[in-house]
Amino acid sequence: MSAAQRTPLLAVKSKEGELQALLNTTEVNDRVQVMVELLDSVSSDGSVIKKVVNFCVASASRGRPVWVDTTWLTRASDLGASPRAVLERLEHDIEENSGLFSTCSEQPCLIPVVSLSTDDEGLRAIRMFLEHRRRPVVVRARRPSLPTAELLRTLDRIATTLRLGTDEMHLVFDEGYVRKLETHRVDALVDNITGLANRNEYASVSVLAGSSPRERGDYETHLRQRVEVELWKVVQEASGKRIRYGDYGVVHPDPQKSREGWGLPNPYIHYTVPGATLSIARQIPERKGNSVPPGSAERYFLQVADELVRRPEFAGADFSWGDRNLYTCRKRPNPQVGSASKWIAFATSHHATHVSRSLDVP
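Summarised in this report is the structure supplied together with it.

How each quantity is defined
- Residues numbered from 1 in each chain as written.
- Predicted model: local features only at pLDDT ≥ 70, side-chain atom pairs only at ≥ 80, totals over all residues.
- Heavy atoms only, no water.
- Helix = DSSP H or I, 4+ residues; strand = E, 2+ residues; numbered from the N terminus.
- Rg over C-alpha atoms; globule rule 2.2 N^0.38 Å.
- Buried < 20%, exposed > 50% of the residue type's maximum accessible area, 1.4 Å probe, protein only.
- Contact = heavy atoms within 4.5 Å.
- Core = buried A, V, L, I, M, F, W, Y, C linked by side-chain atoms within 4.5 Å.
- Pairing = 2+ DSSP bridges.
- Axes fitted to C-alpha atoms, helices over the stretch in contact; angles between N-to-C directions.
- Polar contact = N/O pair within 3.5 Å; in protein donor to acceptor, adjacent residues only side chain to side chain.
- 1 Å grid on protein atoms, 1.4 Å probe; cavity = no way out; pocket = protein on both sides within 12 Å on 5 of 7 lines; lining within 4 Å.
- Points joined across faces, edges and corners; volume = space filled by probe spheres on them.
- Nonpolar A, V, L, I, M, F, W, Y, C, P; charged D, E, K, R; others polar.
- Right-handed = clockwise from strand over helix to strand, strands pointing away.
- Salt bridge = Lys/Arg side-chain N within 4 Å of Asp/Glu carboxyl O.

### Comments concerning the overall build of the chain
Here comes step 1: Assigned secondary structure in the chain consists of 13 helices and 11 strands.
Here comes step 2: For 362 residues, the compact-globule estimate of 2.2 N^0.38 gives 21 Å, and the C-alpha radius of gyration of the chain, at 21 Å, lies within 12% of that figure.
Here comes step 3: By its C-alpha atoms, the chain is 60 × 45 × 35 Å across when sized along the principal axes.
Here comes step 4: Across the 362 residues in the chain, those meeting the buried criterion constitute 54%.
Here comes step 5: Pairs at least 24 apart in sequence give 78% of the contacts found in the chain among residues at least 6 apart.

### Overview of the nonpolar core
Here comes step 1: Ranked by size, the top nonpolar core spans 66 residues in total, and within it Leu38, Val52, Leu155, Met169, Leu171 and Val235 carry the most contacts.
Here comes step 2: Here this core takes eight residues from helix H4 (residues 47-61), the largest share from any one element.
Here comes step 3: When residues no more than four places from it in sequence are discounted, the contact partners of Leu155 are Leu116, Val139, Met169, Leu171, Leu196 and Tyr202.
Here comes step 4: With 28 residues, the next largest nonpolar core counts Ala276, Ala281, Cys329 and Ala347 among its residues.

### Some details on the sheet that holds strand S4 (residues 110-115)
Here comes step 1: The eight strands are arranged S1-S2-S3-S4-S5-S6-S7-S9 in a closed barrel whose pairing can be described as parallel. Direction aside, neighbouring strands of the sheet carry axes that sit 25° apart on average.
Here comes step 2: Pairing geometry for strand S1 (residues 9-13) and strand S2 (residues 33-37), over five bridges, is parallel. Considered in S2, the bridge of Leu9 is made with Gln33.

### With respect to the pairing of S2
Within a regular strand, the side chains alternate between the two sheet faces.
Here comes step 1: With five of its five residues buried, S2 lies for the most part within the structure.
Here comes step 2: Of the two faces of S2, both are covered, the one formed by Gln33, Met35 and Glu37 as well as the one formed by Val34 and Val36.
Here comes step 3: Bridge analysis of S2 against strand S3 (residues 66-69) gives three bridges, and the strand direction is parallel. If you follow Met35 over to S3, its bridge partner there is Trp67.

### Re the side chain of Arg330
Here comes step 1: Take Arg330: it is sitting in the loop between helix H12 (321-328) and helix H13 (340-356).
Here comes step 2: Within the structure, Arg330 has its side chain in polar contact with the backbone oxygen of Tyr327 (distance 3.0 Å).

### As for the layout of surface pockets
Here comes step 1: In this structure, the second largest pocket occupies an estimated 540 Å³ of space.
Here comes step 2: Thr70, Leu73, Ser82, Pro83 and Gly122 are the residues nearest the centre of the second largest pocket, which is lined by 22 residues in total.
Here comes step 3: Breaking the lining of the second largest pocket down by element, the ones donating at least two residues are helix H5 (83-98), S4 and helix H7 (120-130).
Here comes step 4: No other element matches H7, which puts four residues into the lining of the second largest pocket.
Here comes step 5: Per-class residue counts for the lining of the second largest pocket are eight nonpolar, 10 polar and four charged.

### Focus: the pairing of strand S7 (residues 204-210)
Here comes step 1: Burial analysis of S7 places seven of its seven residues in the buried class, which makes it a mostly covered element.
Here comes step 2: Relative to S7, strand S6 (residues 169-177) runs parallel, the two being bridged by six bridges. If you follow Asp174 over to S7, its bridge partner there is Leu208.
Here comes step 3: Once the chain exits S6 it traverses helix H9 (residues 183-197) before rejoining the sheet at S7, and the crossover so formed is right-handed.

### Thoughts on the pattern of salt bridges
Here comes step 1: Counted under the stated rule, the structure contains 22 salt bridges.
Here comes step 2: A salt bridge links Arg140 to Asp174; the nearest nitrogen and oxygen atoms lie 3.0 Å apart. On the criterion of sequence distance, the pair formed by Arg140 in strand S5 (residues 137-142) and Asp174 in strand S6 is long-range, its members being 34 residues apart. The residues Arg140 and Asp174 share a single accessibility class, namely buried.
Here comes step 3: A salt bridge links Arg310 to Asp306, with the shortest nitrogen-to-oxygen separation between them at 2.9 Å.
Here comes step 4: Counted as one network, the salt bridges with shared partners bring together Lys13, Glu37, Asp69, Arg140, Arg142 and Asp174.

Below, the structure written as structure tokens:
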């Protein structure tokens, strides 16, 4: 089993909370392959893109370049006119911020992600980016429904246009949001993966999915099965192939539309345990529509944190940066935990450490 196949894949949105967790969770750099999805909401000179650069610097310095996905960007993006321009600027900023030019001359500072549906013009633009420095490429197939023969032709076209061998291409079969295990999806994945393996060698093959719902239905503490873990295990067993496990952490797989006008959500946490997610939430009773009384978000999140650390599922304050904050915030005089980005940061840090230790592998 290759090192790449052993390393779990974590797909994150370019959001404050997830990036803050990655920057503070040292296990990520050594034991997790991160794919950062750049979204239109990212400002070219804002704090989020700076955090992306800082995390890419940390990862590149430890020999694990971040996979950077520009496929969600549209013409409305503030980051650049084209994916190639975004990648070139990002790599320049990584080198400038780290003094890693000599390191990046030997290995790339980032790995670009292309969609399975990228047209020839888009692929030629990526090829021009690759001319600066040879590197592998990630091909992301979102819920593919292609017959294996057509999938093979498409991958061969991508490899030919990019002037890469198939062994320089990482494949990601992205199933998106999975609420339950569906036989037809399992069968399609198994057929594609076994068919590809019989024809070509690839740098790695991942199955990526997430089961975090968009909205909460209630505020009862409960365990929810992580269908993404079950999906990966079933596909790996049925195909007889070593497949990289991938998930979306503690957030919904699809980029969220602007929350403008929605107000602050009620305090919650999605806490990863083997094969499941423990969800704890509190409803702020004093809120009126989108208006939240000052200090109430902190007060009720502290109740969430207190319930979590008293439960047997809590991994302990020393497990991760996020767990340490969940444990200590209850006793701080000024906890500053009244934002969703903080809740996501703590949960993401715990989740990244959990998958880095392969706690879902039987």
